[in-house]
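Structural features, examined
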Amino acid sequence: EQDIEAKKLETKRLEAKKIETKRLEIKKIETKSIIEEGLGTMKKLWDWAWDLYRKHEEGINYLIFGFLAFVLNYVLYFVFASTLHMHYMAATALSWVLTVVFAYWTNRTFVFKSQNKDAQSLGKEFVAFIGARVATEVLELVLMFLMVDCASLNEYASKLVCQVIVILANYFLSKLWIFKDKK
């Protein structure tokens, strides 16, 4: 009778083990399926994002490098105005000069992909770029004066507003005038 009970227990244990093994196999298959589905979704998302980037590469690159120029300009302004205690106009002008050098290189190289190689074309392009930036810097100085001195607005908030306006103006000047014959 003990043998029968032992055999029954062993049979139940083996059946439970088989059931557990089958459950683990099913779980493994389900997990693999979930991972494959997730990877498929991630690939689709990547492909969608890459297609979107390729379709709007110039604008996206301009936003990226414009944002970096904005950060550089704002950080430099903050350092000059707060740390070095420069007048806000001098801090604005100096941060602009340093940012323009960065902006010319990034716009020419990564955004508009200028193919100008000869000295004359490069010179015309650089002069046009500087001319446009001077115009938007004058615009920024006037706006800063109006906001800070005339309207008594916070100089840092005013700087932020001015930067948004200047970035937009610079894009359209670069696209429509400076780098219009990029290829």
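Structure first, text after, so check above.
Presented here is an overview of the structure given in this document.

Cut-off values and rules
- Counting restarts for each chain, with residues numbered from 1 along the sequence as it is written.
- At least 70 in pLDDT is required for a residue's local features to be given in this predicted model, at least 80 for side-chain atom pairs to be given and counted, and no such filter applies to totals for whole chains, interfaces and linings, which use all residues.
- Each side-chain value is worked out from all heavy atoms of the structure, with water and hydrogens disregarded.
- Points on a 1 Å grid, built from protein atoms alone, make a cavity when a 1.4 Å probe fits but cannot get out and make a pocket when they are open with protein on both sides within 12 Å along at least 5 of 7 lines; residues with an atom within 4 Å of a point are the lining residues.
- Grid points are joined across faces, edges and corners, and a volume is the space filled by probe spheres set on the points.
- Secondary structure elements follow DSSP: runs of H or I of four or more residues count as helices, runs of E of two or more count as strands, with numbering from the N terminus.
- Residue polarity is assigned by list, with Asp, Glu, Lys and Arg as charged and Ala, Val, Leu, Ile, Met, Phe, Trp, Tyr, Cys and Pro as nonpolar; anything else, Gly included, falls into the polar class.
- What we call a nonpolar core is a set of buried Ala, Val, Leu, Ile, Met, Phe, Trp, Tyr and Cys residues that are connected through their side-chain atoms within 4.5 Å.
- Classification of residues uses two cut-offs on accessible area relative to the type maximum, computed with a 1.4 Å probe and protein chains only: under 20% is buried, over 50% is exposed, and between them is partly exposed.
- Any two residues having at least one pair of non-hydrogen atoms within 4.5 Å are treated as being in contact.
- Given a helix with a known number of residues, its expected span is that number minus one, times 1.5 Å.
- In this scheme Phe, Tyr and Trp rings, the latter by its six-membered ring, pair at centre separations within 6.5 Å, and the angle between planes marks the pair as stacked below 30 degrees, edge-to-face above 60, and tilted otherwise.
- Axes here mean lines fitted to C-alpha atoms, for a helix over just the part in contact, with angles spanning 0 to 180 degrees between N-to-C directions.
- For any helix crossing, the convention is left-handed if the near helix is rotated counterclockwise from the far helix by under a right angle, and right-handed if that rotation is clockwise.
- We define a polar contact as two N or O atoms separated by no more than 3.5 Å, with the added condition that, inside protein, one atom must be a possible hydrogen donor and the other a possible acceptor, whereas residues neighbouring each other in sequence contribute only through side-chain atom pairs.
- The working definition used for a salt bridge is a side-chain nitrogen of Lys or Arg within 4 Å of a carboxyl oxygen of Asp or Glu.

**Describing empty space enclosed by the protein**
By the definition in use, this model includes one cavity of 30 Å³ or more. Looking at the largest cavity, its volume works out to about 160 Å³. Surrounding the largest cavity, 15 residues form its lining, Ala69, Thr99, Ala103, Arg133 and Asn170 being those nearest its centre. Listed by contribution, the elements that provide at least two residues to the lining of the largest cavity are α2 (57-83), α3 (88-111) and α5 (155-178). Split into classes, the residues belonging to the lining of the largest cavity amount to eight nonpolar, six polar and one charged.

**Section: the nonpolar core**
One finds Tyr62, Val111, Phe112, Phe129, Ile178 and Phe179 to be the most contacted residues of the largest nonpolar core, which totals 14 residues. Looking at this core, the elements that each hand over two or more residues are α2, α3, α4 (119-150) and α5. Among the elements that make up this core, the one with the highest residue count is α3 (five residues). Those residues in contact with Phe179 that sit more than four places away from it in its chain are Tyr104, Asn107, Arg108, Phe112, Ser114, Glu125, Phe129 and Ser174. Listed in part, the eleven residues of the second largest apolar core include Leu76, Leu143, Met144 and Cys162.

**Topic: α4**
Think of an α-helix as turning once every 3.6 residues; residues three or four places apart then point the same way. Compared with an ideal rise of 1.5 Å per residue, which puts 32 residues at 46 Å, α4 spans 44 Å between its outermost C-alpha atoms and is within 8% of the ideal. Listing the buried residues of α4 in full gives Glu125, Ala128, Phe129, Ala132, Arg133, Thr136, Glu137, Glu140, Leu143, Met144, Met147 and Val148. Positive backbone phi, at 55°, marks Ser152, one or two positions downstream of α4.

**Brief notes about the packing of aromatic side chains**
Summed over all chains, the structure comprises 16 aromatic pairs. An angle of 65° between the planes, with centres 5.1 Å apart, marks the rings of Tyr104 and Phe129 as edge-to-face. Of the two residues, Tyr104 sits in helix α3 while Phe129 sits in helix α4, which places them 25 residues apart along the sequence. Accessibility expressed as a relative area gives 12% for Tyr104, which makes it buried. Accessibility expressed as a relative area gives 0% for Phe129, which makes it buried. Among the aromatic side chains, those forming a connected cluster through ring pairs are Tyr62, Tyr104, Phe112, Phe126, Phe129, Tyr171, Phe172 and Phe179.

**A closer look at the packing of α2 against α5**
Direction vectors running N to C along α2 and α5 enclose 145°, while the axes themselves pass 10 Å from each other. Crossing geometry of α2 relative to α5 is assigned as right-handed. Judged by residue contacts, Glu58, Tyr62, Gly66, Phe70, Asn73, Tyr74, Tyr77, Phe78, Ala81 and Ser82 of α2 engage Glu155, Tyr156, Ala157, Lys159, Leu160, Gln163, Ile167, Asn170, Tyr171 and Lys175 from α5. Its residues assigned to classes, the contact of α2 with α5 comprises eleven nonpolar, five polar and four charged.

**Some remarks on the side chain of Glu58**
Considering the arrangement of structural elements, one finds Glu58 in helix α2. A relative accessible area of 13% places Glu58 in the buried class. Within the structure, Glu58 has its side chain in polar contact with the side chain of Tyr171 (distance 3.2 Å).

**A closer look at the environment of Gly59**
Within the fold, Gly59 resides in helix α2. Gly59 sits 52 residues away from Val111 along the chain, and the two C-alpha atoms are 7.7 Å apart.

**Some points on the pattern of salt bridges**
Tallied over the full model, the rule gives eight salt bridges. Within the structure, one salt-bridge network assembled from shared partners comprises Arg54, Glu57 and Lys113.

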